[in-house]
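# Structural characterization, general
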Amino acid sequence: MTDISPAEAQENEATSTGYVTAELEGVDLRILPAGQWRPSFLRALRAGDFDAWALLALHPEDVETFVELDATFDALSDFTTRAMSATGEAPGKSRSSSRSSRTTRKR
């Protein structure tokens, strides 16, 4: 996995067609950035229904390839991590700006 600079991540997001590319079992697949996943995507993952998750998260033309690859759990974990890294975000990182913990007092 290669890290990308914040500038590259910003450019990827600005020029994105909605999908990022990540490798699974030596094949590049297009996947929505994790920030665009909906709760239904996570429900499918929690239920272990990876085929349903693929229908939601992957580019429609890549779903059949995903199913045919029949990847291991380790490979799937690496794949989703790479997909999140392609947007310049580490898993669990928020894209919103952080607010100061200090309150502003009116004078």
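Up top is the structure.
Everything in this summary refers to the structure shown in the same document. Per-chain numbering applies: the sequence of each chain, read as written, is numbered from 1 onward. Residue-level local features of this predicted model are given only where pLDDT is at least 70; pairs of side-chain atoms are given and counted only at 80 or more, and the full residue set underlies all totals for whole chains, interfaces and linings. For side-chain calculations, the full set of non-hydrogen atoms in the structure is used, while hydrogens and water are omitted.

### Looking at the overall build of the chain
Selection rule: Per the convention used, a helix needs a DSSP run of H or I reaching at least four residues, while a strand needs a run of E reaching at least two, with both numbered from the N terminus. Residues count as neighbours in contact if any of their non-hydrogen atoms are within 4.5 Å of one another. Method for areas: the Shrake-Rupley scheme with a 1.4 Å probe, in which residue coverage is limited to the protein chains shown.
A count of helices and strands for the chain gives five helices and two strands. In the chain, the succession of helices and strands from N to C terminus is α-β-β-α-α-α-α. When contacts within the chain are restricted to residue pairs at least 6 apart in sequence, long-range pairs at least 24 apart make up 57% of them. Here the chain has roughly 7,900 Å² of accessible surface; of this, 47% comes from carbon and sulfur atoms.

### A short note on the pattern of salt bridges
Heads up, the rule is: In what follows, salt bridge is the name for a side-chain nitrogen of Lys or Arg lying within 4 Å of a carboxyl oxygen of Asp or Glu.
A full pass over the atoms with the stated rule returns two salt bridges. The closest approach of N and O atoms between Glu61 and Arg30, which form a salt bridge, is 3.4 Å. Of this pair, Glu61 sits in the loop between helix 3 (50-57) and helix 4 (63-69) while Arg30 sits in strand 2 (residues 27-31), and the two are 31 residues apart along the sequence. Across the pair Arg30 and Asp62 runs a salt bridge whose closest N-O atoms are separated by 2.9 Å.

### Describing the pairing of strand 1 (residues 20-24)
Convention followed: Summary of the burial criterion: residues with accessible area below 20% of their type's maximum are buried, those above 50% are exposed, and those between are partly exposed, where the area comes from a 1.4 Å probe applied to protein chains only. DSSP bridges decide pairing: two strands pair if at least two such bridges lie between them.
Only one face of strand 1 is covered, namely the one carrying Val20, Ala22 and Leu24; the face carrying Thr21 and Glu23 has none of its residues buried. Hairpin connection between strand 1 and strand 2: a loop of two residues separates the two successive antiparallel strands, and Glu25 in this loop has a positive phi of roughly 55 degrees.

### Considerations on the pairing of strand 2
Judged from the five bridges that link them, strand 1 and strand 2 form a sheet pairing that is antiparallel. Note that in strand 2 the partner of Ala22 across the bridge is Leu29.

### Digging into helix 3
Filter applied, for reference: By definition, the arc is the one covered by directions from the helix axis to the C-beta atoms.
Listed as buried for helix 3 are Trp53, Ala54 and Ala57. Down the axis of helix 3, the buried set is contained in an arc of 100 degrees. They therefore lie on one face. Those residues of helix 3 that are buried are in contact with strand 2, helix 2 (39-46), helix 4 and helix 5 (73-85).

### With respect to the packing of helix 2 against helix 3
Two quantities define a packed helix pair, namely the angle between the helix axes and the distance between the axes. Our working definition: Each axis is a line fitted through C-alpha atoms, and for a helix only the stretch in contact is used; angles between axes span 0 to 180 degrees, taken between their N-to-C directions. Angle categories: roughly parallel below 35 degrees, roughly antiparallel above 145, roughly perpendicular from 65 to 115, and oblique for all the rest. Crossing handedness is read from the near helix: turned anticlockwise from the far helix by less than a right angle, it gives a left-handed crossing, and turned clockwise, a right-handed one. Side-chain classes follow a simple rule in which Ala, Val, Leu, Ile, Met, Phe, Trp, Tyr, Cys and Pro form the nonpolar group, Asp, Glu, Lys and Arg form the charged group, and the remainder, Gly included, forms the polar group.
Two numbers describe how helix 2 lies on helix 3: the axes approach to 7 Å, and their chain directions differ by 160 degrees. Considering their axes alone, helix 2 and helix 3 lie roughly antiparallel with respect to each other. For the pair helix 2 and helix 3, the sense of crossing is left-handed. Here Ser40, Phe41, Ala44 and Leu45 of helix 2 come into contact with helix 3, specifically with Phe50, Ala52, Trp53, Leu56 and Ala57. The residue inventory of the contact of helix 2 with helix 3, partitioned by class, reads eight nonpolar, one polar and no charged.

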